[in-house]
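Chains, contacts and geometry: an overview
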Amino acid sequence: MSSFDVGDEVALICEFRVGVALTSQSEVTLQVIRPSGVESRYTFGLNQITESSPGVYRRNLVLDRPGRWLYRFTATGSYRGTTGNVVVNVDPSPFSSV
Amino acid sequence: MANGTTLPSGCYLSVASPPSRDADDGLTMFGWFYVPSYASGEFYSTLLLNYATNDVGEGFQFEAGSSTQSQGFVMCYPPNYSDIGGTYTNGTWYFLAEVFTRSGGVTTRRTYISSTAGATPTLISTQTWTVADASPEYFDIGEARTYSRSLRGSLQYVGLAPVAMSTSELATQSNSTTPTVSCWVFIAGEEGVYTDSSGNSRTVTATGGTPTAASVGAPVAQPVSSAVAATAGAPVATLTGTVAQPPVSVVTSAVAGGPSAAMTAVIGQPQIAVAVTATAGAPVASVVGDVAAILPRIILYGHSVIAGYGISDPDLHIAPQLKTLLGSRVEQVVELGYSGETSATLLANFSSRVSPYVESGRETVLAFTIAFNSAHAGVSAVDIMFDILNMAVLAANAGVKVIFMTETKADADSQAHEETLLGVNGSMKSLWPTYADGLVDTRLRFFDPTDTLLYQADGAHPTGYGDGVLAGMLYFEIDRILSGVSSELTVSVGATAGAPVAAANVAVALRSVAAAIAGGPRAAILTTLGTPLASSIEATAGAPTAGAIAILGEARMVSVAAAAGAPIASVLVELVEQDTDLGFFPCTPTSYVELTLTTKTRVVAL
C-alpha cells in the first residue's frame, strides 16, 4: 500500500504481460475512485492513458485531497486482465492553510 | 413512451457557467433532437457552449442546405461553421454527442450521431485545435443566441457530463431516460418539463418563448416496473394506483371475496410493466400509491467487524463508507452488527433481525460474516459452515442475493482458531457459487494483524481506514451483482493442427480446465482469463512441442494441464489473486512448471 501527501503528483503505471513478454493492449481502462467516492474513468483509446513502452501504460494524477484513493487498470481487448483494486493513501497535511 | 419538449421559434434553454472543454476528465454534451421539417438554407441549433468573448458558441447544428452540402451537419467555433458531413432525414429523432478531450495542449472534439437508441453511435467528425479554452458562459440548448438559428423542433434527454464518454457509454446513454454517468446537468425534457434531474439542482432558463409538450418522443426504452397491491379481509377492497410514467403494458385485477371490490388505476407516463392488484376479503382496504423507482438495498450482517467495534466515529464503519461508494444507486446500506455473537446466535436471530429490511419488489443484497466468534469458542469448521449455508438458504428463500465474506486474520488467534477459520474460508470460497451470488475474500488484504493502518491495536478489529478497504472490496462485488454481470467465465476454444495431432478441450465455468494433448509434433494452448465474460483459447500443432499457457485474473479455481506425446510438455500459469490447482502430467523427456504474475502496477511519485 502506497502513502503520499496532499498535492503529490504521481504516475499510475501498469504492465501487461502475455506469457513473460510485455505486450501492447488494444483496450485499456483506468478507474479511479477519489476519497469523495466519485469515480473517474480513463480510456487508452481517447488518449487519456499513454503507453510509454509496449505493454506499459501510465497516467499522471494529482492527489489533491487526503484519504483513500482506489484505482485499477483493466485490459478488455484481445487479452483480458485486471490489476484488481489498488489503494493509495494520501495523508492529511499537518500544516494549516496559509 | 413519454413525448419530448418542443421549443418554438426563437426559444431556447440555457444553464449558466458550465465546465470548460479543457477539463481534466474531458467533457461530453449529448441529447436527442427532432426537427419536423426544414427550410432550405436554415440552420437548426442543438447543443452549444456559449462564450462571452465573441458571442459564438461551440456547437452543433442541423444544416438544411448550403453551398457545400444539403441536409448535413455543421459544426461551429472553432473553426467557424465547418461542414462535417453526414445526412439527416426530416422528422427523425437523432441522438447527438460531442466528446472533448485535451492532452498535450491539443483539444480533440469527436462528434457522434445515431438514430437508434442503444446502438453504438457513428463517429462523423474528429477535429483538433491547440487554443486553450475560455470559460463558457452558458450551456445553451436549441439556439445560437444572436444568430437566429433556433431549433424549432423538439428535444429530450439532454445532458452535459464532465467526463469524456466512450462509445459504449454513449450507446447506453442513448437508450436511457436518466443519466448513466455523473452529469453536471441532465434535462429529461418529458412532456414539456425542462428541469434539471442530475441531482445538482441547476437552474434551467427558457428564453424567447415557452417550451411545450411535444407530440413525438425519442425512441428510448422506458423504465422497468412497479407494483401496487392491496389486500382486504372482507366486503370491500378499493385500490387506486397512480403511476408516474406511462406503461407499455399494464395488468390490473380485482378479486372480491365479499360484497364488492373496486379498483382504479390512473396511468400517467410509461413503464414497461405495471401490475395493480386488489383482493377483497375483509371490510375495507385502500391503497393509494405513487410509484417511483425502487432502489436496491444492501444489508451487512455479522459480528463485531460489521458493528464497527472500537471505531468511535460511526461514519467510518463499513456501511456508511459503502453507501458513499454506491451513492444514489442504492436506497440504503443497513448495518446489522452484533459484537461477540457466534454463528449459531446470528443464525437463530436472522429472520427477526434481517427480514424487516426485506421488501417484496426491492432488490436486496446481503453480505455477512459470522464465523469468527464461533471459531474462537472452539466450534468446528463443519458446524460453522452449517450455520453459514443455512443462513444463505434462508436469505435466498426470501429473494435476497447473498455475498459471503471470508474471515479476516486476527493476531490473537490460537493456531486451532486460525485453522478453523482457514477451513471455513476455504469452504466459502469453494461453495459460494452454489449457495451465494458473490464472494469477498477479506484475506486478500487482512492477512497481517500487525498492519496498524488496517488493524486496531488488538490485532483483530479493523480501523476506520480498514473498514474503508472492506467497503471498497464489497463495492466491486456489489457493483457486479447490481449490474447483472455473471461471475461465470465463458471460453471458446479453437484448435488448428498443422501436423499429426492437436487437441484442445476447455471447460470453464467457475472452475477452469484447460488441456492440450499432442500426439504429434506440437500442440499449444494459450488461455487468457481476466475478469472476462468471454475469452478465447487457441491451440496450434505443427512442431515437436506441447505447451499450455494460462493467464488468469480473478478465476476462482483453475486447472491447467498439458500432456505431450512428443519431446516437450510444459505448463506456464500466470496468476492474479485466485486459488489454483495445477494438474501437470509429466511426459518424456522434459517438463516444467512456472508461476508468475500477469499484471503488475505501481505508483511513482513525480
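Residues numbered from 1 in each chain as written. Chains lettered and ligands numbered in written order. Predicted model: local features only at pLDDT ≥ 70, side-chain atom pairs only at ≥ 80, totals over all residues. Heavy atoms only, no water.

Topic: the overall build of chain A
Per the secondary structure count, chain A includes 0 helices and 10 strands. From first element to last, N terminus to C terminus, chain A shows the α and β order β-β-β-β-β-β-β-β-β-β. The buried share of chain A, taken over its 98 residues, is 50%. Here the analysis covers contacts within chain A between residues at least 6 apart in sequence; of these, 59% occur between residues at least 24 apart. Carbon and sulfur atoms make up 50% of the accessible area of chain A, which amounts to about 4,300 Å² in all. (Helix = DSSP H or I, 4+ residues; strand = E, 2+ residues; numbered from the N terminus. Buried < 20%, exposed > 50% of the residue type's maximum accessible area, 1.4 Å probe, protein only. Contact = heavy atoms within 4.5 Å. Areas by Shrake-Rupley, 256 points an atom, 1.4 Å probe, with all protein chains shown as cover.)

Some thoughts on the overall build of chain B
When helices and strands are counted, chain B shows 9 helices and 37 strands. Per-residue burial for chain B yields a buried fraction of 50% across its 606 residues. In chain B, 63% of the contacts between residues at least 6 apart in sequence involve partners at least 24 apart. Summed over its atoms, the accessible surface of chain B is roughly 24,000 Å², and 54% of this surface lies on carbon and sulfur atoms.

Considering the packing of aromatic side chains
Scanning the model with the defined rule gives 12 aromatic pairs over all chains in all. An angle of 85° between the planes, with centres 5.1 Å apart, marks the rings of Phe44(A) and Tyr57(A) as edge-to-face. Placement of the pair is Phe44(A) in the loop between β5 (39-43) and β6 (50-53) and Tyr57(A) in strand β7 (residues 56-62), with a sequence separation of 13 residues. Relative accessible area serves as the criterion here: at 21%, Phe44(A) is assigned to the partly exposed category. Here the aromatic rings of Tyr475(B) and Phe476(B) are separated by 5.1 Å at their centres, their planes lie at 80°, and the arrangement is edge-to-face. (Phe/Tyr/Trp six-rings, centres within 6.5 Å; stacked < 30°, edge-to-face > 60°.)

Examining the interface of chain A and chain B
With 46 residues of chain A in contact, the opposing surface of chain B contributes 43 residues. Surface buried jointly by chain A and chain B totals about 3,800 Å² across both partners, of which 54% is contributed by carbon and sulfur atoms. In terms of surface lost to chain B, no three residues of chain A exceed Leu46(A), Arg68(A) and Arg80(A), which account for 17% of the buried area on that side. One salt bridge connects Glu15(A) with Arg602(B), and the closest N-O pair in it is separated by 3.2 Å. Connecting chain A to chain B are 7 residue pairs in polar contact (both at pLDDT 80 or more). Tallying contributions element by element places strand β2 (residues 9-18) of chain A first for the side of chain A that touches chain B, with 10 residues. Per-class residue counts for the side of chain A that touches chain B are 20 nonpolar, 15 polar and 11 charged. (Buried area = accessible area lost by both parts, 1.4 Å probe. Salt bridge = Lys/Arg side-chain N within 4 Å of Asp/Glu carboxyl O. Polar contact = N/O pair within 3.5 Å; in protein donor to acceptor, adjacent residues only side chain to side chain. Nonpolar A, V, L, I, M, F, W, Y, C, P; charged D, E, K, R; others polar.)

A look at the sheet that holds strand β25 (residues 401-405) of chain B
Residues and elements named next belong to chain B. Sheet architecture is open: 5 strands sit in the order β23-β22-β24-β25-β26, paired in parallel fashion. The open sheet has two free edges, formed respectively by β23 (332-337) and β26 (438-440), since each of these has just one partner strand. Taken over all neighbouring pairs, the strand axes of this sheet differ in orientation by 20° on average, direction set aside. Along the sheet, helix α3 (residues 318-326) makes contact with β22 (297-302) and β23, crossing β23 at roughly 165°. Strand contacts of helix α7 (residues 381-397): β22, β24 (364-369) and β25, with the helix running at about 160° to β25, the strand carrying the most contacts. (Pairing = 2+ DSSP bridges. Axes fitted to C-alpha atoms, helices over the stretch in contact; angles between N-to-C directions.)

Thoughts on the pairing of strand β2 (residues 12-16) of chain B
All names here are of chain B. Most of β2 sits out of view: 4 of its 5 residues are buried. The sheet contact formed by β2 and strand β14 (residues 205-207) spans 3 bridges and is antiparallel. Opposite Ser14, over in β14, you have Thr205 as the bridge partner. Relative to strand β11 (residues 138-141), β2 is paired through 4 bridges, and the arrangement is antiparallel. Pairing of Val15 across the sheet is with Phe139, part of β11.

A word on the pairing of strand β9 (residues 106-114) of chain B
All names here are of chain B. Of all 9 residues in β9, 8 are buried, a share of seventy percent or more. The sheet contact formed by strand β8 (residues 94-103) and β9 spans 9 bridges and is antiparallel. Residue pairing for β9: Phe100 is matched across the bridge by Arg109. Between β8 and β9, which pair antiparallel and follow one another directly, the connecting turn spans 2 residues, one of which, Gly104, has a positive phi of 60°. Of the strand pairs in this sheet, β9 and strand β10 (residues 122-129) are connected by 7 bridges, and their pairing is antiparallel. Within the sheet, the bridge partner assigned to Ile113 lies in β10 and is Thr122.

Overview of the side chain of Thr82(A)
All names here are of chain A. Mapped onto the fold, Thr82 is located in strand β9 (residues 80-82). Polar contacts involving the side chain of Thr82 include one to the side chain of Thr74, which spans 3.4 Å. There is a polar contact of 3.2 Å between the side chain of Thr82 and the backbone nitrogen of Gly84.

Re the confidence of the model for chain B
All names here are of chain B. Looking at chain B, the pLDDT average stands at 70 and 61% of residues meet or exceed 70. Note on residues 224-291: pLDDT is under 50 here. Beyond four places in sequence and across chains, it has 157 contacts. In the model, residues 488-597 has pLDDT below 50 throughout and makes 280 contacts with residues more than four positions away in sequence or in other chains. Both scores are available for the predicted complex, with the pTM at 0.37 and the ipTM at 0.73. (pLDDT = per-residue confidence, 0-100.)

Here's the deal with the pattern of salt bridges
Evaluated as defined, the whole model comprises 15 salt bridges over all chains. Overlapping salt bridges, with partners in common, bring together Arg297(B), Glu331(B), Glu359(B) and Arg362(B) in one network.

Regarding the nonpolar core
All names here are of chain B. By size, the foremost hydrophobic cluster in this structure holds 33 residues, and its most contacted members are Ile298, Leu300, Leu322, Leu474 and Ile478. At the level of secondary structure, the elements contributing two or more residues to this core comprise β22, α2 (304-307), α3, β24, β25 and α9 (464-482). For this core, the element with the highest residue contribution is α9, accounting for 11 residues. In contact with Ile478, not counting residues within four places along its chain, are Ile298, Leu322, Leu326, Val365 and Ile403. Judged by nonpolar contacts, the second largest core, of 32 residues, contains Tyr301, Met385, Ala392 and Leu439. (Core = buried A, V, L, I, M, F, W, Y, C linked by side-chain atoms within 4.5 Å.)

So, unusual backbone geometry
Here the phi dihedral of Asn47(A) falls at roughly 65°; this positive angle occurs in a residue that is not glycine. Of the residues examined, Asn47(A) reaches a relative accessible area of 44% and is grouped as partly exposed.

Points about the packing of α7(B) against helix α8 (residues 415-435) of chain B
Residues and elements named next belong to chain B. α8 packs onto α7 with a crossing angle of 30° between their chain directions and a minimal axis gap of 10 Å. By the angle between their axes, α7 is roughly parallel relative to α8. The hand of the α7/α8 crossing is right-handed. Note on element contacts: α8 touches α7 through Thr420, Gly423, Val424, Ser427, Met428, Leu431 and Tyr435, opposite Ala381, Ile384, Met385, Ile388, Leu389, Ala392 and Val393. (Parallel < 35°, antiparallel > 145°, perpendicular 65-115°, else oblique. Left-handed = near helix turned anticlockwise from the far one by under 90°.)

What about the environment of Leu96(B)?
All names here are of chain B. Topologically, Leu96 is positioned in strand β8. Looking at Leu96, the relative accessible area reads 2%, which means it is buried. Measuring from C-alpha to C-alpha, the distance between Leu96 and Phe30 comes to 5.5 Å, with 66 residues separating the pair along the chain.

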